[in-house]
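Summary of structural features
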Amino acid sequence: MSDITRDPVFGEVARALQPRAQLFAFAQRPSSQGDTVSCTFRFHGLAPEDRAAIEALPGSLKARGNGRDSVFCRRVDLEHEAERHSALRSLIEVERIIRLAIPPPRIQGVVNVTPDSFSDGGRFLDPARAIEHGLQLVAEGADLLDVGGESTRPGSEPVSLDEELCRIKPVVEGLARATKVPISIDTTKSQVARAALDAGATIVNDISAGRRDPAILGVAAAHGAGYVAMHMRGEPRTMQAAPQYDDVVTEVVEFLRERCAVALEAGVDRTKLWIDPGIGFGKSLEHNLELLRHLGELRSLGLPILVGVSRKAFIGKITGSTSPADQRIGGTAAAVAMAVLSGAEILRVHDVAVMREAALVARAIGRSA
Ligand code: HH2
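The rules behind each value
Counting of residues starts from 1 at the beginning of each chain's written sequence and follows it residue by residue. Confidence filtering applies because this is a predicted model: local features only for residues at pLDDT of at least 70, side-chain atom pairs given and counted only at 80 or more, and all residues used for totals across whole chains, interfaces and linings. Calculated side-chain values reflect all of the structure's heavy atoms, with hydrogen atoms and water omitted. Buried, partly exposed and exposed residues are distinguished by accessible area as a fraction of the type maximum, computed with a 1.4 Å probe on protein chains only: under 20%, between the cut-offs, and over 50%, respectively. Helical segments are the DSSP runs of H or I of at least four residues, strand segments are the runs of E of at least two, and each set is numbered from the N terminus. Strands qualify as paired when DSSP identifies two bridges or more between them. A crossover counts as right-handed when, viewed with the strands pointing away from the observer, the path leading from the first strand over the helix to the second turns clockwise. Working rule for contacts: check all heavy atoms of both residues, and any pair within 4.5 Å makes them a contact. The near set for a molecule or strand comprises every residue that places at least one heavy atom within 4 Å of it. Pairs of N or O atoms are called polar contacts if they sit within 3.5 Å, as long as, within protein, a hydrogen donor faces a hydrogen acceptor (for residues adjacent in sequence, only side-chain-to-side-chain pairs). Only the protein chains shown count as cover for residues, and all accessible areas are computed by the Shrake-Rupley method using a 1.4 Å probe. Three classes are used, and their members are as follows: Ala, Val, Leu, Ile, Met, Phe, Trp, Tyr, Cys and Pro are nonpolar, Asp, Glu, Lys and Arg are charged, and the others, Gly among them, are polar. Every axis corresponds to a line fitted to the C-alpha atoms, with the helix fit spanning only the stretch in contact, and the corresponding angles, defined between N-to-C directions, vary from 0 to 180 degrees.

**Quick notes on the pairing of strand 5 (residues 106-112)**
Along strand 5, six of the seven residues are buried, which leaves the element largely enclosed by surrounding structure. Of the pairings in the sheet, the one linking strand 5 to strand 6 (residues 144-148) comprises five bridges and is parallel in character. What sits directly across from Asn 112, in strand 6, is Gly 148. For the handedness criterion, the β-α-β arrangement of strand 5, helix 4 (residues 127-139) and strand 6 is classed as right-handed.

**With respect to the environment of Asn 288**
Following the sequence through the fold, Asn 288 ends up in helix 9 (residues 285-293). Its relative accessible area of 3% is what places Asn 288 among the buried residues. Along the primary structure Asn 288 and Val 309 are separated by 21 residues, whereas in three dimensions their C-alpha atoms are 9.3 Å apart. When residues no more than four places from it in sequence are discounted, the contact partners of Asn 288 are Ile 279, Gly 280, Lys 283 and Phe 314.

**Here's the deal with the site of the ligand**
Close to the ligand lie 17 residues, the nearest being Ser 117, Thr 152, Asp 276, Lys 312 and His 350. In this structure, an oxygen atom belonging to the ligand sits 2.4 Å away from a side-chain N or O atom of Ser 117. Within the side chain of Asp 186, one N or O atom sits 2.9 Å away from a nitrogen atom of the ligand. In the complex, 99% of the free accessible area of the ligand, which totals 480 Å², lies under the protein chains. Looking at the shell around the ligand, its residues break down into five nonpolar, seven polar and five charged.

**Regarding the sheet that holds strand 11 (residues 306-307)**
The sheet built from eight strands is open, its strands ordered 10-9-8-7-6-5-12-11 with parallel pairing. Across the chains shown, the open sheet's two edge strands, defined by having one partner strand only, are strand 10 (273-276) and strand 11. Against the sheet, helix 7 (residues 215-222) contacts strand 8 (203-206) and strand 9 (226-230), and its axis sits at roughly 150 degrees relative to strand 9.

**Description of the pairing of strand 7 (residues 183-186)**
Alternating positions in strand 7 separate into two faces, Ile 183 and Ile 185 on one and Ser 184 and Asp 186 on the other, with burial throughout. Of the pairings in the sheet, the one linking strand 6 to strand 7 comprises four bridges and is parallel in character. Note that in strand 7 the partner of Gly 148 across the bridge is Asp 186. You can see the chain leave strand 6, run along helix 5 (residues 161-178) and come back into strand 7, and the turn it takes is right-handed. Bridge analysis of strand 7 against strand 8 gives three bridges, and the strand direction is parallel. By the bridge assignment, Ser 184 is partnered in strand 8 with Ile 203.

**Thoughts on the environment of Ser 184**
Tracing the backbone shows Ser 184 in strand 7. Linking Ser 184 and Val 172, residues 12 residues apart in sequence, is a C-alpha distance of 8.9 Å. Leave out the neighbours within four places in its chain, and Ser 184 touches Gln 108, Leu 145, Asp 146, Val 147, Ile 203 and Asn 205. One polar contact links Ser 184 to Asp 146, side chain to side chain, over a distance of 2.6 Å.

**Regarding the environment of Ala 101**
Among the secondary structure elements, Ala 101 is positioned in the loop between helix 3 (81-100) and strand 5. Residue classification places Ala 101 among the partly exposed residues on the basis of a relative accessible area of 21%. In the structure, Ala 101 is positioned 242 residues away from Gly 343 in sequence and 8.4 Å away in space, judged by C-alpha atoms.

**Topic: unusual backbone geometry**
A positive phi is found at Ala 209, a non-glycine position, where the angle reads about 50 degrees. Along the chain, Ala 209 turns up in the loop between strand 8 and helix 7. A positive phi is found at Arg 311, a non-glycine position, where the angle reads about 60 degrees. Residue placement: Arg 311 occurs in the loop between strand 11 and helix 10 (313-319). The exposure class of Arg 311 is buried, given its relative accessible area of 6%.

Below, the structure is given as structure tokens:
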């Protein structure tokens, strides 16, 4: 077995296909006519029309698949110049199809109505200031707003129901009156979700994926609301105490698969269901990087991917900077751009104008004409 990225002919194309495609075999077999190589790519979450387009390519890769993943393989006689060229041409075409499938990014602006959020705690606790801030994010290009009344930063203490209701209700009401941009409510409590949906929110963003208060799923379903299921290991208060995984990517995918099945069972509309790997929620630096590197694997669930990297601690760990969290703008932009290229569709951010720019440029570079 040799590494295709080192092959002079296929290497460049194979590198360009990653991270949206995963090469998992490039076997070389000697034959009487010369060396025959067999290259195999696996693509996650390809839309049926993209898969059909790849299968229809002339002299193309043969496809097999298990319904979620599409596997393409092709045997090439390295001595045979024409065959080498046709294999390369089909890989280039595959790359074009994959790139065209990068979804347009949507920017979700964060409105934290809390005294203790990790990067902007206390700045928007006053409802009028929170509404003003939300409208400023809309002016900067936010496609949706995420209102939250409970900090979930590592080590944070839970907030009482009354306190959370009191924080978010006037803000959701005020924003829903003032803007047509959809509003999500960032909560794990069914009563808070219901109050926010009654006040004009249309999406429930639940970092516990329905485990803290299972009734939240029924509330989202009854309102015909959108629902974000996020992965978290443990609880915010303790989640960063030495999180352990055997294989973080597979475990997150399996967790989300299971929680989405529960949400659908409770009546949540599949077309309004989103998934989120939960960057920073019960994950070490290496776990976060591994998830961002292999974000494409979440596409196997066939649902839009939301990613929240904005200003998070892993960025400070990488840069070694001791500056306050709200200055992690360059690192956030880099992570947003990479997430877009890996297929993230909704980017949850604090700095809307800058991250919208980063996301749009990343997509334009990622797509080939
Ligand atoms: N991150 C935070 C809060 N809610 N929701 C989703 N779906 N995904 C995330 O990554 C996510 C989230 C943490 O960020 P922030 O709201 O700014 O901080 P705090 O929890 O301290 O209020």
